[in-house]
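Architecture at a glance
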Amino acid sequence: MKKLWALPVAALFAVATTISATAGADTLVSVGSPSTPFSQNKQNEPALAVDATHPNILAAGSNDEIDEEACNAGADTTCPFTAGIGVSGIYFSFDSGHSWVQPTYTGLTARNCLGVVGPDAGCTPTPGPIGTLPWYYENGLVADGDPALAFGPKPSSGGFSWTNGSRLYYANLTSNAPTASGEQAFRGFEAIAVSRTDDVTAAAASVKSAWLPPVLISRQSSTTFSDKEQIWADNASSSRFFGNVYVCWASFVGQELSPNAAPAQLQVAVSRDGGTTWTQHPIGAAANNSQRNPMDGCTVRTDSNGNAYVFGVGTQSSGGHQAFEFVSISSDGGATWSAPRTVAGPVTQPGVIDPILGRPTIDGIAGARSDLAPAPSVDIANGAPTGADATDRMVLTYVSGSLATPHVYFTESGNGGATWSTPRAIETAGDRGYYTAPAISPDGTDVYVVYNAFTTPYRTNTTDPRNLVGVVLHADVSANATGAFTELNRGANGDPRGSSQNNLVGEFLGDYVYAVATRTYGAAVWNDARNAGDCSAIDAWRMSLRNGTTVARPAPQQDCPANFGNSDIFGGSYPDPTPT
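Below, the structure is looked at part by part. Residue positions within a chain follow its written sequence, with the count starting from 1. Given that this is a predicted model, residues contribute local features only at a pLDDT of at least 70 and side-chain atom pairs are listed and counted only at 80 or more, while totals for whole chains, interfaces and linings are drawn from all residues. With hydrogens and water stripped out, all remaining heavy atoms of the structure feed into the side-chain values.

Here a pair means two rings of Phe, Tyr or Trp (six-membered ring of Trp) with centres within 6.5 Å. Their orientation is stacked below 30 degrees between planes, edge-to-face above 60, and tilted elsewhere. Across all of its chains, the model carries nine aromatic pairs by this definition. For the ring pair F324 and F326, a centre distance of 6.4 Å and an interplane angle of 65° mean the geometry is edge-to-face. This pair shows no difference in class: F324 is buried, exactly as F326 is. One aromatic cluster is present, formed by Y434, Y435 and F454 through successive ring pairs. Cation placement over rings: the criterion is NZ of Lys or CZ of Arg within 6 Å of the ring centroid and within 35° of the ring normal. Over the ring of W135 we find K208; its NZ or CZ atom is 4.3 Å from the centre of that ring. Against the face of F570 rests R530, its NZ or CZ located 3.7 Å from the ring centre. A simple rule labels every residue: compare its accessible area, found with a 1.4 Å probe on the protein chains alone, to the largest value its type can have, and call it buried under 20%, exposed over 50%, or partly exposed in between.

Next comes the structure, spelled out in structure tokens:
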């Protein structure tokens, strides 16, 4: 996600929206989202975190365009990101994920820029209610999504202790507010920022002051585009580095200057004081060429002893320049990191490059990008909050395979990542994997996996229906291995053609899904299109861009169903089906 800026804030009455669901089902997480118009109804790329000391408390994030202008503002055929408007959505649950609340803060908003049919003056953002992270525009920044969340212990003068309370960290992309270049907060196009709150009850109740101002953590140059970040807090008090916070990300050089920009060295930043200050370290080699692509699509975790692990997908010259899953390990609290070593592979990108998007898609032409489908998602049974019952088993999932059969693969390690099981496909028959993430209970007894999948074949046209689904699986862990997976939930069907990039040329579902696990239940969040309306006018126009026919560019609010673009975040909470 990406945008720009404007104005001072006014104090307005803040409200919160709540929706709940019954146990074992699924429920809407992005509860503040309207069903119309586009793009205010667009949410994707969810993240999820659980408080280890209060496992009924969850926090989720997504790319949430609730505060953007409508397509009818300005030219009716364009649906741009509004300069200065943030898109980092935040949601809370206090009943283990059965119900959710989306707070309303104050900030810069364009949600009242609805426009009229035909030409009008366009949108001027104003102070008002926002459904996204606060304190960004007041600091000359824009919250640009790609959310990543983690709970850790709150620091005090005596160090880290759970008796101090819990701290929620929210990492996201950020850009400079649209102002004179000499007044910009940082150099480059996108940076990584971290927001924090020590009072989720107040934050969920729309108390803006419950959040600390965002902290910029990435070192930037004039050509840097930092992207695809993930965050983790060392949350087991048995750890030598209890309380450390780690953020990993891909650093692109020349992203806005070259169509061939690719990630340079993977970066990881470490904070030892609760997110106030950070040190940054490169992971792996800096080369990015025909011989080697560095790690990308990272995930970071810690075990009960404080060893930190950063995983990513990259190519290996000794492996025939094929892609593999890699891990780099730090045993000194993030001061130094090992050379990346192979975990699994080779892995493949199941998608094919769309000629207009220039990105791979799995569901069909003009489909949703699938760049990070092969990226590793990982969890470790570190025994949080104390570490006392940790097994430190690691579980990892990713999507790989052919276009016809993109599989959801699972592999695990019971010896600190020294060796890994042979990857096995775990998706339900007929599901074509898209994105996936695992979670393992802190005591290592249960594994939950969430994935998005397409149940229709790759479409070479935009007229045939497509189907997207979210699925949650569970398996028990024996002394030596994770057993067979069974379905806990299969979400409602939805046609991803009803999702959209803001420029309308293709679908959009972001890059991630997410899961967490406690000792008694697992929870997950995923991209969902059940409420999105397919638009035949958009379908025809998208296809014309690819086959050279002439079709007029549609005006979505006039030419499409009202719920066109209404992608959502859905989630579920699932009790351990085999408790002991």
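Right, let's get into the sheet that holds strand β33 (residues 486-490). Sheet strands associate in pairs through backbone hydrogen bonding, adopting either a parallel or an antiparallel arrangement. Strand order in the open sheet formed by four strands is β30-β31-β32-β33, and the pairing between neighbours is antiparallel. Two strands in the sheet have a free side with no partner beyond their single neighbour: β30 (432-440) and β33. Averaged over neighbouring strand pairs, the angle between their axes works out to 25° when direction is ignored. As paired strands, strand β31 (residues 446-454) and strand β32 (residues 468-476) are joined by nine bridges and run antiparallel to one another. Looking across to β32, one finds that V447 is bridged to A475. Pairing between strands is defined by DSSP: at least two bridges between them are needed. The way it works is that DSSP assigns letters per residue, a run of H or I at least four long becomes a helix, a run of E at least two long becomes a strand, and they are numbered from the N terminus. Helix axes are fitted to C-alpha atoms over the stretch in contact, other axes to C-alpha atoms as well, and angles between N-to-C directions run from 0 to 180 degrees.

Here we take up empty space enclosed by the protein. Within this scheme a cavity is a closed region of a 1 Å grid, computed over the protein atoms alone, that accommodates a 1.4 Å probe without allowing it to escape, whereas a pocket is open but has protein on both sides within 12 Å along at least five of seven lines; lining residues each have an atom within 4 Å of a point. Grid points are joined across faces, edges and corners, and a volume is the space filled by probe spheres set on the points. A full pass over the atoms with the stated rule returns two cavities of 30 Å³ or more. Roughly 190 Å³ of volume is contained in the largest cavity. What lines the largest cavity is a set of 20 residues, among which P376, S377, T436, Y512 and V513 lie closest to the centre. Gly falls in the polar group here, along with every residue not listed as nonpolar (Ala, Val, Leu, Ile, Met, Phe, Trp, Tyr, Cys, Pro) or charged (Asp, Glu, Lys, Arg). Here the lining of the largest cavity is composed, by residue class, of 13 nonpolar, five polar and two charged. As a volume, the second largest cavity reaches approximately 100 Å³.

Approximately 340 Å³ is the volume found for the second largest pocket. What lines the second largest pocket is a set of 27 residues, among which V50, W232, N235, P442 and A517 lie closest to the centre. Among the secondary structure elements, those contributing two or more residues to the lining of the second largest pocket are β3 (43-51), β10 (148-153), β26 (377-380) and β34 (514-517). Broken down by class, the residue content of the lining of the second largest pocket amounts to 18 nonpolar, five polar and four charged.

As a further point, take the sheet that holds strand β36 (residues 568-575). Read from one edge to the other, the open sheet built from four strands follows the order β2-β36-β35-β34, with strand pairing classed as antiparallel. Every other strand in the sheet has two partners, leaving β2 (27-28) and β34 as the edge strands with one partner each. Looking at chain direction, strand β35 (residues 521-528) and β36 are connected through eight bridges and run antiparallel. Bridged to G522 within β36 is Y574.

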